Amino acid sequence: MQAPLAKRIWDAIAAPFDGWLMAFLAGIFVMSMLVLFSASNQSWHKIDNKLVYTIMALAVMWIMANARPQTVMNFAPPLYAAGVLMLVGVELFGITVNGSTRWLNLGIVRIQPSEIMKTALPMMVAWYFQKYESTLNWRHYLVAVALIAVPGALVLKQPDLGTAVLIMGAGFFVLFFAGLSWKIIIGGLVAFLASLPVVWNLLHDYQRRRVLTLIDPMQDPLGDGYHIIQSMIAIGSGGPWGKGWLNGSQTHLDYIPERTTDFIFAVYSEEFGLAGNLLLLALYLGVITRGMLITARAQTLYGRLLAGAITLSFFVYVFVNMGMVAGILPVVGVPLPFMSYGGTATVSLAVALGMLMSIGNTKR
Amino acid sequence: MHRPTRLKDAQAEESQFQLRLVIAYGFMVLMLLTLAARFIWLQVMQYEHFATLAQNNSISLVPVQPNRGLIMDRNGIVLAQNHAAYTLEITPAKMADMEATIKALRALVDISPRDERRFRKFLSESKDFEPVPLKLRLSEDEAARVAANAWRFPGVEVKARLFRDYPYKELTSHVLGYIGRINQRDQQKLEEDDKLANYRGATHIGKLGLEAVYEAELHGTNGFEEVETDAGGRAVRSLRRTPPLHGNNLKLALDIRLQEVADKLFGQRRGALVAIDPQTGGVLAFVSKPGFDPNLFIDGIDSATWKSLNEDWQKPLVNRAVRGLYPPGSTFKPFMAMAALQSGAIGPYDLRPAPGYFTLPGSSHQFRDSNPRGNGMVNISKAIAVSSDTFFYRVAWDMGIDRIHPLVGQFGLGQKTGIDLDGEASGVLPSKEWKEKRFARFKPEVRRWYPADVVSVGIGQGFNAYTPLQMANATAILAANGKVFKPHLVQEITQAGSGKVRLVEPRPQRTLAFRPELYAHVKDGMVAVMRPGGTAARLAAGLTYTMAGKTGTAQVVQIKQGAKYNAAALAEQYRDHSWFIAFAPVEAPRIAIAVIVENAGFGAASAAPIARAVSDFALTGKVPPELQGKMMTMPQAAPAGDKHDASAAR
């Protein structure tokens, strides 16, 4: 007896998707549509676009989830090499916007190679450890550090501190799960703290201002501190239950900067309050927990390293964005996963989560 | 011995990995809890504090609009200005019953169906909390009546606003363009360029012409007013004000009186005229006929008017001077002559036969001369003066397209001139590569360059196609003996506030590499055009200065072998275009002109008289008799302009 056609088609589509992850993502998606509609002053234009991005994201997620990790793994070296080449290209003839050179014009499209590196780098490092799995020694860790440092330095030079930290973070997570010695980790941390004064001198003026603003936003309430203050007012005035959908005064009186992209969480927070925030945190925690479970059960070294790095990176995006909007981290341009408006970020996250699902699908 | 150790290693590795997973997970949960704690702090513990801050979010920044820069002609006559008037505006978000309000307002203000249609259109395009104009330009009475009744109409405001106005209407349409309301496309563009902040509260933006090209200069920089606002966002009192930086003023090289003379001389005919100062590259007159009234577009054109403009067969919206592509006809010959002399294909004094027709070796096809009896033996100057076709057929044939293309191209033909207007067409100076590309999708027989193709190119027909601006620019370069300027309408930009003046393109870009003595021979030919025996001899009557010119006739349809062109037998839009290029005075040129009159036949008949009159006015101030007393720009024009004549005759 055959199942009805519709059911078979549905099964074929649904098969590669991870049920748990999809459930959490669906929850995030619903909240994101609500808040985007409000943040864009009820413009259907952005909603339409977001729907298109979401469909594109689902498509690439499905493709990635369907592919075998062992197959995708082989693309890591060429993808990484292309990414580094394009970063060099950006350095040589990139497009400069607001004083930093991040974009490469390929004739038809402008692309931001650092965005590709967010995924390509952890893939590459994981691939590398997989390749030398049986003979791993300290030299391999050194090479891995170089693999991380080269694109990291190139992005840092653009300058794009936020993205550089995210990229290097993703690489470091692979090292961490690959068993990098605790001594080195702690030693590195100490060295980092010790070098902070030096780093401070290397920072660009605008980056320093952002850090100072964090420490005391009231120093310049109408200048650099303005964004953070207004976004904290939005969150705080949301209270336990929020002002209600479409009723955020901070949002609709134009007080929140970048309110459909990087600061969309402030809009959400104002309208849905602490209750909404905790719900959203729970949804993100759900994604992270599921990601950790997939990591724990992954079969190959490559699978567990990549799954772990993807999950941790996802967490970092969430934490850095919310932390920035809530005024406990400096302002860096990191979108909130699947909430912020923007096609590139949505699709590249979907690629990463698709790979995570495919690792989860490869059962022992 | 080996095996168990490895197994143990693997086990140790596995548990080591699982431990790290737990640590990582614990770390993430801890950090998310930190965030949750932060939210509790902000939203519960500090709620009162922030709620108060939000409620009387006391300081808000209100943008103060800068005044848009003025546009003036070379004599300081204002061509684009701002005047203050009252508008009646409605903020939809504050409106309980829109229809009832509009109905009640009708009792106080005269609201036409057109006003209402426009209002509905704006309403559908704008955001709820943005005020939308219901009626523009209220009379003083109406403004007072609404103000007195304001309490009855929350969300209705009378605002004083600056309106843009183009007093010379059609005369300046293709130069100034117009501003219009900012639409979604503009908004997106501003967002991409990161300029949105400077347009907060702005309603209009340059859409076309100089208004668009110089938008960044004209718009100015927003000022800000820090106002104390109540919860509803209404301003209670002003705390501090940063004044706006008004837009910069533009001063054109254009002379509006000259522009009007040129424009009026066209009458109802279609065409274009561009006049350039060869010593500066400044555009003195820039006409494309017909024009349109740019004022119609500022606050949204109604669809009936738009339709009639857009579908008019005369295409008033097309800027013929920069977008119209026409074969140059015989006005091409002076440039062809320069190329021939420079290449050595012919010497300045060499005589060549100029018979009634020209045939290629081994072919019976006759390339005819406009003079069926031919012109005997002529040198290059004479060939220009009598506009011998057969002479130039032969020269072109001798040179070949590969030598013609780079030399004629020096005069900027077939390339954008880089004038400060958008949408310039590049035109076609034919070459083998061009033909290959143009017909890329056709058979090789069509794509290939045939030696015979060059023959008609030599007299400005064939594939040649240039804009009137390119012809004027080329004429100016020739007049200035090879000095090349980038033609520009705007001459000076005056910084608002500081009053500092910046000159636009004041220096020549380069000088052409033609042998300097060659220009004289070509110019001699162009002077002879206006002497007895030349093609425009009649035009020279009463000249008080020296003038050089060249007639041209651009074929619109191909005339069959053996058939004769008969203007009367052709529908008007298929008749030939009439061209004339000229410069004056010959010794030290101050004006170079290119005129085309569409479907008006032989160049000397229609285009040349316009060029003569324009040049007369520019150099002597003489107003053409038929325009005396009819000039908008010179209400009390002296009947004959004697004074100027006297000074020129000196």
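Residues numbered from 1 in each chain as written. Chains lettered and ligands numbered in written order. Predicted model: local features only at pLDDT ≥ 70, side-chain atom pairs only at ≥ 80, totals over all residues. Heavy atoms only, no water.

Draft legend 1. Summary view of the overall build of chain B. When you go through chain B residue by residue, the secondary structure sums to 24 helices and 23 strands. Against the 2.2 N^0.38 benchmark of 26 Å for 650 residues, chain B shows a C-alpha radius of gyration of 34 Å, more extended than a compact globule. Projecting the C-alpha coordinates of chain B onto the three principal axes gives extents of approximately 105 × 105 × 50 Å. In chain B, buried positions account for 50% of the 650 residues. Across chain B, the fraction of contacts at a sequence separation of at least 24, relative to all contacts at a separation of at least 6, is 73%. For chain B, the accessible surface area stands at approximately 30600 Å², while carbon and sulfur atoms represent 54% of it. (Helix = DSSP H or I, 4+ residues; strand = E, 2+ residues; numbered from the N terminus. Rg over C-alpha atoms; globule rule 2.2 N^0.38 Å. Buried < 20%, exposed > 50% of the residue type's maximum accessible area, 1.4 Å probe, protein only. Contact = heavy atoms within 4.5 Å. Areas by Shrake-Rupley, 256 points an atom, 1.4 Å probe, with all protein chains shown as cover.)

Draft legend 2. Representation of unusual backbone geometry. All names here are of chain B. Geometrically, the link from Lys289 to Pro290 is a cis peptide bond, its omega value of -5° lying close to zero. Looking at the secondary structure, you find Pro290 in the loop between β12 (283-289) and α11 (295-298). Looking along the chain, the bond that leaves Ala584 and enters Pro585 is cis, with omega of -20°. Positive phi outside glycine occurs at Lys315, with the angle close to 50°. In this structure Lys315 comes out as partly exposed when scored by relative accessible area, which is 41%.

Draft legend 3. Representation of the environment of B:Lys483. All names here are of chain B. Within the fold, Lys483 resides in strand β17 (residues 483-484). Assessed through its relative accessible area of 29%, Lys483 is described here as partly exposed. With 429 residues separating them along the chain, Lys483 and Ala54 place their C-alpha atoms 65 Å apart. Sequence-distant contacts of Lys483, defined by excluding residues within four places in its chain, comprise Gln279, Ile477, Pro508, Arg510 and Thr511.

Draft legend 4. Spotlight on the domain arrangement of chain B. Residue and element names in this part refer to chain B. Taken domain by domain, chain B comprises domain 1 (60-251) and domain 2 (256-297 + 321-563 + 576-618). Here the C-alpha centre of domain 2 lies 45 Å away from the C-alpha centre of domain 1. Across the contact, 33 residues belong to domain 1 and 28 residues belong to domain 2. Buried surface at the junction of domain 1 and domain 2, summed over both partners, amounts to about 2700 Å²; 60% is from carbon and sulfur atoms. (Domains from an automatic or database assignment. Buried area = accessible area lost by both parts, 1.4 Å probe.)

Draft legend 5. How the structure looks around the packing of aromatic side chains. Across all of its chains, the model carries 35 aromatic pairs over all chains by this definition. Between the aromatic rings of A:Phe129 and A:Tyr141, the centroid separation amounts to 5.3 Å while the plane-to-plane angle is 50°, which identifies the pairing as tilted. With A:Phe129 in helix α6 (residues 113-131) and A:Tyr141 in helix α7 (residues 138-156), the pair connects residues that are twelve residues apart, well separated along the chain. Judged by relative accessible area, which is 0%, A:Phe129 ranks as buried. A connected cluster of aromatic rings, assembled from ring pairs, spans B:Trp434, B:Phe439, B:Phe442, B:Trp449 and B:Phe463. (Phe/Tyr/Trp six-rings, centres within 6.5 Å; stacked < 30°, edge-to-face > 60°.)

Draft legend 6. Structural context of the pairing of strand β4 (residues 132-138) of chain B. Residues and elements named next belong to chain B. For β4, the tally of buried residues reaches six of seven residues, placing the bulk of the element in the interior. Where strand β3 (residues 78-90) lies against β4, four bridges are found, and the strand directions are antiparallel. Each residue of the ladder has a partner; that of Glu89, found in β4, is Pro133. (Pairing = 2+ DSSP bridges.)

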